[in-house]
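The primary structure of each chain is shown beneath.
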Amino acid sequence: MQAPVQPDWAGRLARLQSALSAHSVDALVLSSPQSIRYVTGFAGSAGLVVIAADRAILITDGRYETVVRQELSAGRLGPVTLERVARRYDLALGEVVVRLGLGRVGFEAGHVTVATLGAWGRASGQTVWVATERLVEGMRLLKDDGEIAIMRKGARMISEVACQLGGIVKRGKTERAVAGEIERALERVGFSAPAFPTIVASGPNSALPHAHPTDRALAPNDLVVLDFGGVIDGYCLDLTRMAAVGAPSERGMALFTAVRAAHEAAIRAIRPGMLTSDVDAAARSVLETYGFGEAFVHSTGHGLGLDVHEAPRLGRPDPDAPETVEAGMVFTIEPGAYLEGIGGVRLEDDVFVVATGCEVLTTAPLDLLVV
Ligand code: ZN
Ligand code: ZN
């Protein structure tokens, strides 16, 4: 059997090290589990990584020590040295920072609480802590070949689950039962976990974009939103399909037709170099044409990767933080329209941006599943 290709941890680490001086810091501390996994391969639930110009130190506790040593010697982690926490993470971090003589140290502002930063400050003497934003997230925006290979495989798997919905969604079953069966199907096709709690929203509940499954049984004339995701090798896939119990009402069918047209328009519009907000505008203008502009209450999509919601955001224009579509991005396209008391429709696929447009990774038919 061919050995799996390892992520380029050394390359990612080197890119961060070369960015240190531009941020006027001697080192950077990573605390977000996704950042740590991306840069070192360590997937434990607790750990810190100190990246200095000439080395990277993984600080973790006794629960992970043996595994980390084994993974290091097997080449399944990036080039880090291990530092074990004797008592507390803040004290272990403080010791490393003081020992290496690091004067200015960056931290991930989006992931460190005020309380944690206070503890780090007390443990690290004269060190100045400098907030940094999106250093690793910026690198994660563009997926490399290895990441794309994983996400392509995951997209095939989640499409397979979508194709099984005809056997799962039945009138009389509760939303909760349907969600449970979808999660078992995710496991059967090989996902390690759901990427988020599965959404099954029927009838009036379908008008709530983030409804949780209830004990409501699927009834005639319901629209049913089925939104589910899976994790493979740390990477998230995310897909939404629609079912109807018997023939949908005229209004329900109009919603479906409009959302499908908006979904297709957004996918057709995608080109590197455009603003992400223009992808949103492509979907939104179609819904407006159909008279459902007000019913589209969320963004058109979000980035996918180690997090199920990551950069970029494909929503209304944000003059303070405009984002550009770039080849290598993976994001969802998921317009929706929701009418209180009547129902809602959302259709979601995962796309990979290429030079000429995009490749739709998820391939399950978009058709309304009538059960
Ligand atoms: Zn989703
Ligand atoms: Zn989504």
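Bear in mind the structure is a predicted one, so any value in this text is a computation, not a measurement. (Residues numbered from 1 in each chain as written. Chains lettered and ligands numbered in written order. Predicted model: local features only at pLDDT ≥ 70, side-chain atom pairs only at ≥ 80, totals over all residues. Heavy atoms only, no water.)

Student: I tried to follow the coordination of the zinc ion (ligand 1) on my own but got confused; where do I start?
Tutor: Reference geometry at the metal: tetrahedral coordination by four donors gives ideal angles of 109.5 degrees; octahedral coordination by six donors gives 90 or 180 degrees. Within the protein, the zinc ion (ligand 1) binds to D227 (OD), D227 (OD), D238 (OD) and E348 (OE); these donor distances fall in the range 2.0 to 2.7 Å. If you look at the zinc ion (ligand 1), its 4 donor atoms make angles of 53 to 152 degrees with each other, and the shape they trace is irregular. Separating the zinc ion (ligand 1) from the zinc ion (ligand 2) is a gap of 3.1 Å, bridged by D238, which donates to each. Here the residue D227 occupies a position in strand β9 (residues 223–232), and E348 occupies one in the loop between β15 (343–346) and β16 (349–354), the gap between them amounting to 121 residues. (Donors = N, O, S within 2.8 Å, 3.2 Å for Na, K, Ca; no water. Tetrahedral: all angles 85-135°; square planar, octahedral: opposite > 155°, others 65-115°. Helix = DSSP H or I, 4+ residues; strand = E, 2+ residues; numbered from the N terminus.)

Student: Honestly, the coordination of the zinc ion (ligand 2) in this entry has me stumped. Any pointers?
Tutor: Bound to the zinc ion (ligand 2) on the protein side are D238 (OD), H302 (NE2), E334 (OE) and E348 (OE), at distances that span 2.1 to 2.2 Å. Its 4 donor atoms give the zinc ion (ligand 2) angles of 80 to 156 degrees at the centre, a pattern that matches the irregular case. Ordering the donors of the zinc ion (ligand 2) by residue number gives the pattern D-x63-H-x31-E-x13-E.

Student: I tried to follow the packing of helix α1 (residues 9–19) against helix α2 (residues 33–40) on my own but got confused; where do I start?
Tutor: Angle between the axes and distance between the axes: these two values describe a pair of packed helices. Packing of α1 against α2 brings their axes to within 7 Å, and their N-to-C directions diverge by 115 degrees. Regarding the angle of α1 to α2, the classification is roughly perpendicular. Of the residues in α2, those touching α1 at W9, R12, L13 and L16 are R37, Y38, V39 and T40. (Axes fitted to C-alpha atoms, helices over the stretch in contact; angles between N-to-C directions. Parallel < 35°, antiparallel > 145°, perpendicular 65-115°, else oblique. Contact = heavy atoms within 4.5 Å.)

Student: Any chance you could explain the environment of A177 here in plain terms?
Tutor: Relative to the assigned elements, A177 resides in helix α9 (residues 175–189). The exposure class assigned to A177 is partly exposed, which follows from its relative accessible area of 31%. Through-space distance from the C-alpha of A177 to that of F107 is 43 Å; in sequence the pair is 70 residues apart. (Buried < 20%, exposed > 50% of the residue type's maximum accessible area, 1.4 Å probe, protein only.)

Student: What am I meant to see in the pairing of β16 here?
Tutor: Side-chain direction in a regular strand flips from residue to residue, so the side chains alternate between the two faces of the sheet. In terms of burial, β16 is largely enclosed, as 5 of its 6 residues are buried. Across 4 bridges, strand β13 (residues 330–333) lies against β16 in antiparallel orientation. In the sheet register, F331 faces β16, and the bridge partner there is V351. Judged from the 4 bridges that link them, β16 and strand β17 (residues 357–360) form a sheet pairing that is antiparallel. Bridging from a neighbouring strand, F352 pairs with E359 of β17. (Pairing = 2+ DSSP bridges.)

Student: Please clarify how the pattern of salt bridges should be interpreted in this entry.
Tutor: Oppositely charged side chains may form a pair once their charged atoms are brought near each other. Tallied over the full model, the rule gives 22 salt bridges. Here E147 and R12 are joined by a salt bridge, their closest N and O atoms 3.9 Å apart. With E147 in helix α7 (residues 145–163) and R12 in helix α1, the pair connects residues that are 135 residues apart, well separated along the chain. Accessibility assignment for this pair places E147 and R12 in one class, buried. A salt bridge links E310 to K143, with the shortest nitrogen-to-oxygen separation between them at 2.7 Å. Of this pair, E310 sits in strand β12 (residues 310–314) while K143 sits in the loop between α6 (135–140) and α7; the two residues are 167 residues apart in sequence, bridging distant segments of the chain. Classification of E310 by relative accessible area gives buried; the value is 13%. A relative accessible area of 8% means that K143 is categorised as buried. Where salt bridges share partners, they join R140, K143, D307 and E310 into one cluster. (Salt bridge = Lys/Arg side-chain N within 4 Å of Asp/Glu carboxyl O.)

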